[in-house]
Amino acid sequence: MAGLIVQKYGGTSVADADLIKGVARRVARVHDSGTKVVAVVSAMGDTTDDLIALAKQVAPEPSDREMALLWSTGEIVTSALTAMALNALGYDATALTGFQAGIVTNAFHTRAQILDIDPIRIRRVLDAGGIPIVAGFQGWTEDLDITVLGRGASDTTAVALAVALEADRCEILKDVDGVYTADPRIVPRARKLDAISYEEVLELARAGSQVLHPRAAELGEAYGMPIVVGSSFREAPGTTIVRGDQMPLEGRQRVRAIAHDLDVGRITIVGVPDRPGIAYAVFQPLEAAAINVDVIVQNVSHENVTDISFTVSRADLTRALRLVRPVAEEMGAREVTSSDALATISVVGSGLAANPGYAAKMFGTLAQAGINIVSITTSEIRITCLIDEAQVAEAARALHQTFQLEE
Ligand code: ADP
Ligand code: ASP
Ligand code: MG
């Protein structure tokens, strides 16, 4: 389909009626320019958090299935209001839920993955010259259940639809005007990047940066979908996400950005007998419950006893503990401890692979700032340190300076 773009508007960009009217005018301008446009919208402001709080008031542990249905309403409200605002301006807009948009998912209700998209209803609207406004973050299962794709996943809806509709590009529009060298909320001197590679933005997302949902970056790379991250308030060039081999040569060999993640809960199983099958026994139940496990550290054993530590999202901490405790007991571990006062700080960049010196530089910077490193993990293009949550902003600013990211 030629001349089609998908635009995604984040929660802050649709937080009230005036902002929604502004979004409607922006979508209308694209339509007026002769480009077909599909808008994907998030829930207004803090709606999703409010819905979680509301659910907790009626049930201590709401079921995943009902939680997904509840969460899906936030995005539906925005899509209906945005379509109404466009209609009021004289445009033919049609609001669609994820179900109506044909987004089929698996049955992990609150963290579902897209299996298939049949955008027949969207195409019908487009073919008639209309503007589809799709509720982000949601889909449906074979069983006719409504699902949601995980926190922050409206980005993923947008990129997936762009791929399914063979759009020219996907624009992720938000309250910041691009991808910065660090979260501008904690590093005032952070700088907007003109370009970043899929690989780097994916690592940033995995390291906790909210700038783009990790699965959106993954999909974009897998299908070669051009993605632009930009401002929803101003029409200005944002950050273009490109293939690594299209990055300017000089810019390639360096640290690209700093990411931090406060959503870290840590579980430690202390005094585990060191024998085959232990890691499997611990992590298999977590995987079966679709709990994402991140930083895993197993200490060198002394006298055949070891400690296993790992991190999960804070929202999963209680559930993970409940699954791990009986397993730990069965294997004769000494105790299970947990913490929700830790955070991660990461440096990301394709330059890391070729520069072993960067790790030492990172540890040195943290040491100088008096920040204790609890544990360290690395990937080819990322170094992540687990530190005290209270020291995250300081760590980010110090690392930003060390790696000369303001230049
Ligand atoms: P949306 O609702 O549009 O999806 P989010 O609130 O999820 O927006 O994400 C936007 C926020 O991400 C920004 O306000 C910013 O504070 C934060 N952020 C974290 N890291 C970065 C970064 N590297 N570049 C830009 N923004 C970042
Ligand atoms: N409203 C959802 C959330 O807050 C999805 C999104 O905004 O992307 O997580
Ligand atoms: Mg987001």
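How each quantity is defined
Sequence order as written defines the numbering, with residues in each chain counted from 1. Written order determines the labels here, with chains lettered from A and ligands numbered from 1. Local features in a predicted model are, by the rule used here, given only for residues with pLDDT of at least 70; side-chain atom pairs are given and counted only at 80 or more, and totals for whole chains, interfaces and linings are based on all residues. To obtain the side-chain values, all non-hydrogen atoms of the structure were used and water was disregarded. Here a residue is considered near a molecule or strand provided that any single heavy atom belonging to it is located within 4 Å of it. Think of a polar contact as two N or O atoms within 3.5 Å of one another; within protein, one of them needs to be a possible hydrogen donor and the other a possible acceptor, and neighboring residues in sequence only count if both atoms come from side chains. Three residue categories are used. Nonpolar comprises Ala, Val, Leu, Ile, Met, Phe, Trp, Tyr, Cys and Pro, charged comprises Asp, Glu, Lys and Arg, and polar comprises the others, including Gly. Only strands joined by at least two bridges in the DSSP assignment are considered to pair. In this description a helix means any DSSP run of H or I spanning at least four residues, a strand means any run of E spanning at least two, and both kinds are numbered starting from the N terminus. To obtain each axis, a line is fitted to C-alpha atoms, and for helices this fit is confined to the stretch in contact; angles are then taken between N-to-C directions over 0 to 180 degrees. Only one rule defines a salt bridge in this text: a Lys or Arg side-chain nitrogen within 4 Å of an Asp or Glu carboxyl oxygen. Note on exposure labels: buried denotes an accessible area under 20% of the residue type's maximum, exposed denotes more than 50%, and partly exposed covers the range between, all computed with a 1.4 Å probe on protein chains only. The charge count treats Lys and Arg as positive and Asp and Glu as negative. His and the chain ends do not count. The contact criterion used throughout is that any non-hydrogen atoms of two residues lie within 4.5 Å. We call a set of buried residues a nonpolar core when its members are Ala, Val, Leu, Ile, Met, Phe, Trp, Tyr or Cys and they connect through side-chain atoms within 4.5 Å of each other. What counts as a ring pair is set by centres within 6.5 Å for rings of Phe, Tyr and Trp (its six-membered ring), and what kind of pair is set by the plane angle: stacked under 30 degrees, edge-to-face over 60, tilted for all other angles. Charge over a ring is defined by NZ of Lys or CZ of Arg lying within 6 Å of the ring centre and within 35 degrees of the ring normal. Throughout, a crossing is termed right-handed when the near helix is turned clockwise from the far one, and left-handed when it is turned anticlockwise from it by less than a right angle.

Trainee: Outline the site of ligand 1, listing residues and values.
Mentor: Around ligand 1, the structure places 16 residues, and the nearest of them are Lys8, Gly11, Tyr180, Asp183 and Arg185. Between ligand 1 and Tyr180 there is a distance of 2.9 Å, counted from a nitrogen atom to a backbone nitrogen or oxygen. Side-chain polar atom of Arg185 to an oxygen atom of ligand 1: 2.6 Å apart, as the coordinates give it.

Trainee: Describe the site of ligand 2, naming the residues involved and giving the relevant values.
Mentor: Taken together, the neighbourhood of ligand 2 is formed by Ser42, Ala43, Thr48, Glu75, Phe137, Arg151, Gly152, Ala153 and Ser154. Taking Ala153, its main chain carries an N or O atom lying 3.4 Å from an oxygen atom of ligand 2. Residues belonging to the shell around ligand 2 are distributed by class as follows: 3 nonpolar, 4 polar and 2 charged.

Trainee: So, the sheet that holds strand β14 (residues 296-298): which residues are in play, and what are the values?
Mentor: Within the open sheet, the 6 strands sit side by side as β14-β15-β13-β16-β18-β17. Their pairing is antiparallel. Here the strands that pair on one side only, and so sit at the sheet edges, are β14 and β17 (375-379). Ignoring which end each strand starts from, the neighbouring axes of this sheet average 25° apart. As paired elements, β17 and strand β18 (residues 382-388) share 5 bridges and run antiparallel to each other. Note on β18: the bridge partner recorded for Ser379 is Arg382.

Trainee: Before we move on, can you summarise the sheet that holds strand β10 (residues 195-197) with the specific residues and values?
Mentor: Sheet architecture is open: 8 strands sit in the order β3-β6-β2-β1-β9-β11-β12-β10, paired in mixed fashion. Looking at the sheet topology across the chains shown, the edges are occupied by β3 (93-96) and β10. Put simply, the sheet's adjacent strands are angled 20° from each other on average, direction ignored. Across 3 bridges, the pairing between strand β11 (residues 227-231) and strand β12 (residues 239-242) is antiparallel. Each bridged residue has a counterpart across the sheet, and for Ile227 the counterpart in β12 is Ile241.

Trainee: Hey, could you go over the pattern of salt bridges for me, with residue numbers and the actual values?
Mentor: By the definition in use, this model includes 17 salt bridges. Close ionic contact of Arg189 with Glu406 constitutes a salt bridge, the shortest N to O distance being 3.2 Å. Note that Arg189 is positioned in the loop between β9 (169-174) and β10 and Glu406 in the segment after α12 (392-402), a separation of 217 residues in sequence. Among the residues examined, Arg189 registers a relative accessible area of 56% and is labelled exposed. Taken together, the shared-partner salt bridges in this structure form one network comprising Arg26, Arg29 and Glu235.

Trainee: Report on the side chain of Arg215, specifying residues and quantitative values.
Mentor: As for its placement among the helices and strands, Arg215 is situated in helix α7 (residues 214-223). As a buried residue without a salt bridge, Arg215 has its nearest oppositely charged side chain in Glu218, at a separation of 5.6 Å. Reaching out from Arg215, the side chain makes a polar contact with the backbone oxygen of Leu149 at a distance of 3.1 Å. For Arg215, the contacting residues outside a window of four places in its chain are Ala112, Gln113, Ile114, Leu149 and Thr156.

Trainee: Lay out the nonpolar core in plain terms, naming residues and giving numbers.
Mentor: Grouped together as the largest cluster of nonpolar side chains are 39 residues, with contacts concentrated most on Val6 and Ile122. In terms of residue count, the dominant contributor to this core is helix α5 (residues 154-164) (5 residues). Val6 has contacts with Val38, Val40, Ala158, Leu161, Ala162, Leu165, Ala167, Arg169, Cys170 and Glu171, leaving out every residue within four places of it along the chain. In this structure, Tyr180, Ile186, Leu352 and Phe403 belong to the second largest nonpolar core, which totals 24 residues.

Trainee: Please set out the packing of aromatic side chains residue by residue, giving values where relevant.
Mentor: Enumeration over the complete set of coordinates arrives at 4 aromatic pairs. Plain terms: the ring middles of Phe99 and Trp140 are 4.9 Å apart, the flat faces sit at 75° to each other, and that makes the pair edge-to-face. One end of the pair, Phe99, is in the loop between β3 and β4 (103-105); the other, Trp140, is in strand β7 (residues 138-140), with 41 residues separating them in the sequence. Arranged with centres 5.1 Å apart and planes meeting at 75°, the rings of Phe283 and Phe310 form a pair that is edge-to-face. With a gap of 27 residues between them, Phe283 in helix α9 (residues 278-288) and Phe310 in strand β15 (residues 305-312) connect regions that are remote in the sequence. In terms of burial, Phe283 and Phe310 fall into one category: buried. Its end group placed over the ring of Trp71, Arg151 keeps NZ or CZ at 5.8 Å from the ring centre.

Trainee: Would you mind going over the environment of Asn355 in detail, with residue names and values included?
Mentor: On the secondary structure map, Asn355 appears in the loop between β16 (335-348) and α11 (357-368). The exposure class assigned to Asn355 is partly exposed, which follows from its relative accessible area of 28%. Sequence separation between Asn355 and Val255 is 100 residues; the distance between their C-alpha atoms is 9.8 Å.

Trainee: Before we move on, can you summarise the packing of helix α2 (residues 47-58) against helix α3 (residues 64-88) with the specific residues and values?
Mentor: For the pair α2 and α3, the least separation of the axes is 9 Å and the interaxial angle reads 145°. For the pair α2 and α3, the sense of crossing is right-handed. Counted together, Thr47, Thr48, Leu51, Ile52 and Ala55 of α2 and Met67, Leu70, Trp71, Thr73, Gly74 and Glu75 of α3 form the full contact between these two elements. The residue makeup of the contact of α2 with α3, split by class, is 6 nonpolar, 4 polar and 1 charged.

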